[in-house]
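# Chain and residue survey
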Amino acid sequence: MSTIKAPRGVRDILPDESWKWSYVLDKAKDIAEIFGYREIHLPVFEHTELFSRGIGETTDVVEKEMYTFQDRSERSLTLRPEATASMVRAYNQNKFSNQHQPVKLWCYGPMFRYERPQKGRYRQFWQLDFESLGSDHPFVDVEVIKLALDLYSHLGLSNLDVLVNSVGCPQCRPAYKEKLKDYFRADLDRLCDTCKTRFERNPLRILDCKKPQCREITEKAPDIYSSLCDDCREHFDKVIKGLKHLNIQYHLDKRLVRGLDYYTKTAFEILSGELGSQNAVCGGGRYDNLSDEVGGPHLPGVGFAAGLERIVLVMDQQKCSFGEKPGINVYIIAAQEETRIDAFSLMSELRSNDHVSADMDYMNRGMKAQFKAAVNKGASFVCILGEDEVSRGVVTVKNLETGEQDQVGRDKLVSFLEKENC
Ligand code: AMP
C-alpha cells in the first residue's frame, strides 16, 4: 500500500517556515491596530451561491476553481476561494450597519482554488484580508492602499510597484465594454481560445490575459478613463489626489481589471519585482455592488487580500528579517540514568516560571547526544544534573554561546537565568 500524501497544490507549513508566518501575522496585527481594523474569524465554507453571485458566474474562480460539494443534507457548499464575499455576508448577517461606520475588519486564513499549482500558487493558500465597509469615500480607497504599503514596509519589503486603475461601475462599464469589443473585433482570430470566449461574455477580462499574443493586442486597447461616468471620474480623481498627498508612488495601469467581477471604481495591485509570473503580493479594490449582488442592502466597501505564501517568499528573496528564530532557553541534561527524574522535575519547575522555556531528552540519549540535542533545539543554556549536583542541591549551567560554565544553587537558578537575559 502506498503512503498517503497531501493532495496536489496543498502543502504543510513546517516549523522551519511557520515561525516566519507568525512574524508576518504579528506585524499584520500591529498594522490592523494602527489603522483601526478589528479582527474577525470567518467560516471556511459558505453557501455556494454567496460566491457564484458575489464573485460572478463568468469569472475563472467561479467557473473553474471552486471546491464545491454537497453536504449530507444535499446543500451546495463551497470552500471559500476568497474572504470579501464572506465579510460582506457577515456584516449584513450581524447587523453591523448599526455600528459606527465604516466598519473596518480584517482576517487571515486559508482560501481554496483549483488552480494549476506552481511556485507562489497553491490550491490551498493563505490570505490576509482587510476590508472597510460602509463608506464610499475615495480616501478609504487610499487608506487601504496605504495600509498594505505600511504592512510591507514594516516587514522590510522593498522594490514594490503599486498599480491602480478604475473599472467603472454598472452605469459606465457597458459603454466601455462595447468600445473594447469594437477594438478587439479586428483581432479576434489572434486572441487565445480563452479570450475568444471572453469576447462576448466578459471582454474586460481580455485585458488581464498574460498570454504574449493577447498582451500584444491589449497594449493598444482603449483605456476606460474617457468612458467613466461623472461619479466614477470624480472618485478616481480623488483617489489619485489622495495617493499624491500621501506621497504614494503608483502607476496607472489601464489593463488592470482583476479576476473578480464585483469590483467597481478603484482596482489596485501591488507587485514585487522579485517574484516571477505570480508577482502580485496583494490585490484589491472597491466593490460597492457586492452586497446587492448577494441579496443584501446597498453597502459600499473597499479592501484587499494579500497572499501570505508570497509575502514570505519575497521576504526570503529580499533577505528580510523575521525576528529571532524561536529556540528554547534551557535544555536539561541528566548525567546519569538515576538523575533523569530530577531533570524532569527541574524542567517542570523552570517551565512554571512564565518566561523560561525548557526541554529535555525523552529518547534515553547519553550525555554527548543530549548536548547535541540541546544545540539542535536552539537552546541558550544547558543545565546538567548529575548525582553530585543532586546531592549538593546545585545545577551546572553552561552558556552554549560563550561556553561559560557555573554551578548555581537550585533555588537561585531562575534568578541566575534571568540575570543572564535568558
Ligand atoms: P485575489 O483574491 O485573486 O485578488 O488575490 C489576492 C492575492 O492573493 C494575490 O495577490 C496573491 O498574493 C494571493 N493569491 C491568489 N491566488 C493565490 C494562489 N492560488 N496561491 C497563492 N497565493 C494566491
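Whatever comes next refers back to the structure up there.
The following refers to the structure shown. What you are looking at is a predicted structure, and each value in this text was computed from that prediction instead of being measured.

## Re the sheet that holds strand 2 (residues 45-47)
Strand order in this open sheet of three strands is 2-4-3, and the pairing throughout is antiparallel. Of all strands in the sheet, those bounded by a partner on one side alone are strand 2 and strand 3 (67-70). Here the average twist between neighbouring strands, direction ignored, is 35°. Judged from the four bridges that link them, strand 3 and strand 4 (residues 76-79) form a sheet pairing that is antiparallel. Paired with Tyr-67 across the bridge in strand 4 is Leu-79.

## Considering the site of the ligand
Surveying the vicinity of the ligand reveals 15 residues, the closest of which are Arg-113, Glu-115, Tyr-122, Arg-258 and Ala-280. At a separation of 2.6 Å, a nitrogen atom of the ligand approaches a polar side-chain atom of Glu-115. Measuring from a nitrogen atom of the ligand, one finds a backbone N or O atom of Tyr-122 at 2.9 Å. Coverage of the ligand by the protein amounts to 92% of the 490 Å² it exposes when considered alone. Elements with a minimum of two residues in the shell around the ligand: strand 6 (124-133), strand 10 (280-286) and strand 11 (301-307). Take the shell around the ligand: its biggest share by element is four residues, from strand 10. The residue makeup of the shell around the ligand, split by class, is six nonpolar, four polar and five charged.

## Here's the deal with the layout of surface pockets
Here the second largest pocket defines a volume of roughly 390 Å³. Taken together, 23 residues line the second largest pocket, and the ones lying closest to its centre are Arg-173, Lys-177, Asp-261, Tyr-262 and Tyr-263. Elements supplying a minimum of two residues to the lining of the second largest pocket: helix 2 (48-55), helix 6 (173-185) and helix 10 (290-293). Tallying contributions element by element places helix 6 first for the lining of the second largest pocket, with three residues. Its residues assigned to classes, the lining of the second largest pocket shows nine nonpolar, six polar and eight charged.

## Thoughts on the state of the cysteines
For the coordinates displayed, the defined rule picks out zero disulfides. Summary of cysteine pairing: Cys-232 is not part of a disulfide, and the nearest cysteine sulfur, belonging to Cys-169, is at 3.6 Å.

## Considering unusual backbone geometry
For the peptide bond that leads from Gln-101 to Pro-102, omega is -5°, which places it in the cis range. Within the secondary structure, Pro-102 sits in the loop between helix 4 (84-93) and strand 5 (103-112). Backbone geometry at Asn-247 places phi at a positive 55°, although glycine is not the residue there. Owing to a relative accessible area of 66%, Asn-247 belongs among the exposed residues under this scheme. In the Ramachandran plot, Asn-364 falls in the positive-phi region, its phi being about 55° despite a non-glycine side chain. As for its position among the elements, Asn-364 is in the loop between strand 13 (358-360) and helix 13 (367-376).

## As for the sheet that holds strand 6
With mixed pairing, the eight strands of this open sheet are ordered in space as 1-5-6-11-10-9-7-8. The open sheet has two edge strands, strand 1 (38-39) and strand 8 (251-252), and neither has a second partner. Examined bridge by bridge, strand 9 (residues 264-272) and strand 10 share six bridges and lie antiparallel to one another. Considered in strand 10, the bridge of Ala-267 is made with Gly-285.

Parameters and conventions
Residues numbered from 1 in each chain as written. Predicted model: local features only at pLDDT ≥ 70, side-chain atom pairs only at ≥ 80, totals over all residues. Heavy atoms only, no water. Pairing = 2+ DSSP bridges. Helix = DSSP H or I, 4+ residues; strand = E, 2+ residues; numbered from the N terminus. Axes fitted to C-alpha atoms, helices over the stretch in contact; angles between N-to-C directions. Near = heavy atom within 4 Å. Polar contact = N/O pair within 3.5 Å; in protein donor to acceptor, adjacent residues only side chain to side chain. Areas by Shrake-Rupley, 256 points an atom, 1.4 Å probe, with all protein chains shown as cover. Nonpolar A, V, L, I, M, F, W, Y, C, P; charged D, E, K, R; others polar. 1 Å grid on protein atoms, 1.4 Å probe; cavity = no way out; pocket = protein on both sides within 12 Å on 5 of 7 lines; lining within 4 Å. Points joined across faces, edges and corners; volume = space filled by probe spheres on them. Disulfide = S-S within 2.5 Å. Buried < 20%, exposed > 50% of the residue type's maximum accessible area, 1.4 Å probe, protein only.

Note that every value here comes from positions in space, so none of it alone points to a role or purpose.
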